[in-house]
Amino acid sequence: MNLKSRVSAIAFAVGTVVSFSAQAEDVVHFYNWSDYIDEATLPNFEEETGISVVYDVFDSNEVLEAKLLSGQSGFDLVVPTNDFLGKQIQAGAFMPLDREQLPNWSNLDPQMMAQLETVDPGNQYAVPYMWGTTGIGINEDKVKAALGEDAPINSWSLVFEKEYLEKLESCGVVALDAPTEVMSSAMNYLGLDPNSTDRDDIQQATDLLLDIRPHYRYFHSSKYINDLANGDICVVIGWSGDIAQAAARAEEADNGVNVSYIIPKEGALMWFDMLAIPRDAKNPEGAHTLINYLMRPEVTADITNYVWYANANPASMPMVDPEVANDESIFPTPEVREKLWLPKVLDQRTTRTITRSWNKIKTGQ
Amino acid sequence: MKKVTERLKQHAEHGKRWVIALPMIWLLLFFALPFLIVIKIAFAESALAIPPYTELVTMAGDALDLHLYFGNFSFIAEDSLYLNAYLNSIKMAAISTALCLLIGYPMAYHIARAKPERQSILLLLILLPSWTSFLIRIYAWIGILKSNGVLNNSLLWLGLIDEPLAILNTNLAVYIGIVYAYLPFMVLPLYANLVKHDYSLIEASQDLGARRFTSFWQITFPLSRNGMIAGSMLVFIPVVGEYVIPELLGGSSSIVIGKVLWQEFFNNRDWPLASSLALIMLVLLMIPIHLFRKFQDKEWEDAK
């Protein structure tokens, strides 16, 4: 290689790097839950704004949290659930949102924003993306075949009482691998404070779950969507929208499986998945633009129609399909809303106690 | 003339150093450095911060403070969960290694005895599956083993069973997955060993009246000991820390160290405890590696 060609090669290399980083200005790295956005949302955003989105997905808050706490997540926009968000705010994982860049903020439900101040005082760091509940998904025909017509499908006792589980075991009972959510639901069923950090309360819930553990097939937070849709399992403690998606998939496949989601009469855990910008984000402006776009009523409505999760954007409701908007398992009635509870931020010791109990429940050790 | 050979020698010395430097740099970058970081975190305390643990060394005014925390290790010693997880992982690795050896030995033997032109085809067949992503192949096993899957549906169709067999999410599924995934690591070193055997030894034994099995057992089998040990190490060591296969194919009741590590790291956001667990696992794995080296050294001595 002579000098001239060497120089031009270097110039070319530098040029590529420069143009690459110039492009990087307009890239937003978005890390969201799996199966959690309308297929058209991001392409439309890219076309409208010229900002390209690198989209990646996770299926547990813990995985997201580990990336955030490493201090170099590499993402510009992430979607933690409210209780995890609270902890991560305390650790200093996010940058405050600039409301000047978020004119669509005015679309958000003020009552829900007030509720969210328990984890994010002043709503400084995050806005709600979607919300849902942790309840029970069932394959109605199989459950009725096992338990008869008067099966208690509207109660937590379906998944926490031995007499029913013994009969349901053969068609497949599973639960989320989300220790805090399942334990919290068990405490609620026992008539305890679902957010209790009292060791005795946690122990009571653990004893209940240990007792019924042999009847559960597995604990996993995403596998159940397909299994429920295929008829491989018949009862699951799971997330509202995921179970609605399972129902939709079964309907599409026309395989004779009828899936429904139930918010038990005793109440259920309610959660918000929140849009937040990591402290080390490389493109906070782009992330703000994307958040603002996602808060547009028509965009929010499209996502809700696609993923079957409720939103905190009342302005979007006229555009939500009646089939979804009128589904009380997705948008619960005010009476049911009364019975929903929001998880609190847990201290380190309680987290460890719950994880240890969960381990004992899952493995018998 | 003498000068030339001397210079060549010098060159060779120089080259040797370079050749050794490459793997040393590799080891330094991808083993020693990460290992030091793990040690560092293992002696820290977990904290709500970024990163979520305390610093080992801090400057307080003019004093350098070294804060070593041993609580993680005493915590691991106190709770039987961790010991059980280690024992279970070792058991899982031992059984898988034995199964791989049982299945892999005849395969390697057959390949080594095949005609040379067929050998490369057979070896290719062993390697071919690994051209597909490991993760995808494990997911494929879910499709095969599940109650609604290929295996159960075929058995039901053939009328061999009336009800689907529950294989997925059991230990059986984990063993199937591990043996399937790690078999090439057993077959290849065994083949490399077996193919070098001097066939005239077998002929000699047969001339002396030994039956085929006797000559195999008396000659081939002892000679292939190094291949068996190498293959077993290549299977045993990674399987002890295996996380993906038990997670995807195993039931919730199988507890292995890989999963416990995950829980400590992710569920409890306790990086220091997770690092301590990893450190202990590494020390445990040093034992078989050390034994293997000693054994190899002895072989070298004997060979001389």
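Residue indices follow the written sequence of each chain, beginning from 1 at its first position. Chains and ligands are labelled by the order in which they are written, letters from A for the one and numbers from 1 for the other. Residues qualify for local features only when their pLDDT is at least 70, as the model is predicted, and side-chain atom pairs are given and counted only at 80 or more; totals for whole chains, interfaces and linings, by contrast, use all residues. With hydrogens and water excluded, all non-hydrogen atoms of the structure serve as input to the side-chain values.

1. Describing the overall build of chain A
A run of H or I in DSSP becomes a helix once it reaches four residues, and a run of E becomes a strand once it reaches two; helices and strands are each numbered from the N terminus. Across its full length, chain A holds 17 helices and nine strands. Between the two quantities, the radius of gyration covers C-alpha atoms and the globule rule is 2.2 Å times the number of residues to the power 0.38. Here the C-alpha radius of gyration of chain A, 23 Å, is about what a compact globule of 365 residues would show, namely 21 Å. Over its C-alpha atoms, taken along the principal directions, chain A stretches across nearly 85 × 50 × 45 Å. We call a residue buried when its accessible area falls under 20% of the maximum for its residue type, exposed when it is over 50%, and partly exposed in between, using a 1.4 Å probe and counting protein chains only. Expressed as a percentage of its 365 residues, the buried residues of chain A come to 59%.

2. Looking at the packing of aromatic side chains
All names here are of chain A. Within 6.5 Å between ring centres, the rings of Phe, Tyr and Trp (the latter by its six-membered ring) count as paired, and their orientation is classed by plane angle as stacked under 30 degrees, edge-to-face over 60, tilted in between. What the rule picks out here adds up to 34 aromatic pairs over all chains. When the centroid spacing of 5.6 Å and the interplanar angle of 25° are considered together, the rings of Trp156 and Phe160 count as stacked. Since its relative accessible area comes to 1%, Phe160 is described here as buried. Feature note: the residues Tyr31, Trp33, Tyr36, Phe58, Phe75, Tyr129, Trp239, Trp271 and Tyr309 constitute an aromatic cluster, connected by ring pairs. For a lysine, the NZ atom is tested; for an arginine, the CZ atom; a charge sits over a ring if that atom is within 6 Å of the ring centre and within 35 degrees of the ring normal. Arg99 extends its terminal NZ or CZ atom over the ring of Trp105, reaching a point 3.8 Å from the ring centre. Just above the ring of Tyr218 sits the side chain of Lys223; from NZ or CZ to the centre is 4.7 Å.

3. Some details on the pairing of strand β1 (residues 27-33) of chain A
Residue and element names in this part refer to chain A. The element β1 is extensively covered by neighbouring structure, given that six of its seven residues are classed as buried. As paired strands, β1 and strand β2 (residues 52-58) are joined by seven bridges and run parallel to one another. In the sheet register, Trp33 faces β2, and the bridge partner there is Phe58. A crossover links β1 with its parallel partner β2, the connecting element being helix α2 (residues 41-49), and its sense is right-handed. Here β1 pairs with strand β3 (residues 77-78) via two bridges, running parallel. Residue Phe30 lies in a different strand from β3, and its bridge partner there is Leu77. Note: two strands are recorded as paired if DSSP finds a minimum of 2 bridges between them. Viewed with both strands pointing away, a crossover whose connecting path from the first strand over the helix to the second turns clockwise is right-handed.

4. Regarding helix α5 (residues 134-145) of chain B
Three or four residues apart is the spacing at which side chains of an α-helix point the same way, because the helix has 3.6 residues per turn. All names here are of chain B. With 12 residues, α5 should reach 16 Å at 1.5 Å per residue; the first-to-last C-alpha distance of 17 Å fits that figure. It only takes one pair of heavy atoms within 4.5 Å for two residues to be counted as in contact. On the buried face of α5, the contacting elements are α6 (150-158), α7 (171-194) and α11 (244-249). Pairs of N or O atoms are called polar contacts if they sit within 3.5 Å, as long as, within protein, a hydrogen donor faces a hydrogen acceptor (for residues adjacent in sequence, only side-chain-to-side-chain pairs). Between the side-chain oxygen at the start of α5 and the backbone nitrogen of Leu135 there is a gap of 3.1 Å, and the oxygen is on Ser133. Each residue after the first adds 1.5 Å to the expected span of a helix.

5. A closer look at the interface of chain B and chain A
The interface is formed by 32 residues belonging to chain B together with 34 residues belonging to chain A. Buried area: the accessible area, evaluated with a 1.4 Å probe, that two parts lose upon being put together, summed over both parts. At the boundary of chain B with chain A, total buried surface from both sides reaches about 2,900 Å², with 48% on carbon and sulfur atoms. Note on definitions: salt bridges are taken to be side-chain nitrogens of Lys or Arg within 4 Å of carboxyl oxygens of Asp or Glu. Linking chain B to chain A there are five salt bridges. Ionic pairing is found between A:Arg352 and B:Asp270, a salt bridge with its closest N-O pair at 2.6 Å. Our count for the contact surface shared by chain B and chain A stands at nine residue pairs in polar contact (both at pLDDT 80 or more). Put simply, the parts of the chain that give the side of chain B that touches chain A at least two residues each are α3 (80-113), α11, α12 (257-267) and α13 (271-303) of chain B. Counting residues per element, the side of chain B that touches chain A draws most heavily on α12(B), which supplies six residues.

6. Here's the deal with helix α17 (residues 348-363) of chain A
Relative to the 22 Å expected for 16 residues at 1.5 Å per residue, α17(A) spans 22 Å between its end C-alpha atoms, a close match to the ideal helical length. The N-cap of α17(A), judged by a side-chain oxygen 3.2 Å from the amide nitrogen of A:Arg349 a few residues on, is A:Asp347.

7. A closer look at the side chain of A:Asn313
Mapped onto the elements, A:Asn313 comes out in the loop between α14 (297-307) and α15 (322-325). Sequence-distant contacts of A:Asn313, defined by excluding residues within four places in its chain, comprise A:Asn107, A:Met295, A:Arg296, A:Pro297 and A:Thr300.

8. Observations concerning a negative patch on the surface
Residues and elements named next belong to chain A. There is a patch of like negative charges on the surface, built from Glu251, Glu252, Asp254, Glu298, Asp302, Asp321 and Glu323. Mapped onto the negative patch, the elements with two or more residues apiece are α12 (240-253) and α14. Mapping Asp302 onto the fold places it in helix α14. You can call Asp302 partly exposed: its relative accessible area is 38%. Residues enter patches when their relative accessible area tops 30% and they take part in no salt bridge; the joining distance is 9 Å for like charges and 5 Å for the nonpolar side chains Val, Leu, Ile, Met, Phe, Trp and Tyr. Per-residue and other accessible areas follow the Shrake-Rupley method at a 1.4 Å probe size, with only the shown protein chains counted as cover for residues. The charged-residue count follows a simple rule in which Lys and Arg add positive charge and Asp and Glu add negative charge, with His and chain termini not counted at all. Each charge is placed at NZ for Lys, CZ for Arg, CG for Asp and CD for Glu.

9. Digging into the pattern of salt bridges
A full pass over the atoms with the stated rule returns 11 salt bridges over all chains. Between A:Asp211 and A:Lys162 there is a salt bridge, with its nearest N and O atoms 3.4 Å apart. In this pair, A:Asp211 is assigned in helix α10 (residues 199-212) and A:Lys162 in helix α8 (residues 162-168), connecting sequence segments 49 residues apart. Between B:Lys40 and B:Glu55 there is a salt bridge whose closest N-O contact spans 3.9 Å. A residue pair is termed long-range when its members are at least 10 positions apart, and B:Lys40 in helix α1 (residues 2-42) and B:Glu55 in the loop between α1 and β1 (57-60) qualify at 15 residues. Overall, B:Glu55 belongs to the partly exposed group, its relative accessible area being 42%. What emerges from the salt-bridge pattern is a single network uniting A:Arg352, B:Glu264 and B:Asp270.

10. Thoughts on the environment of B:His11
By the secondary structure assignment, B:His11 is in helix α1. A relative accessible area of 56% places B:His11 in the exposed class.

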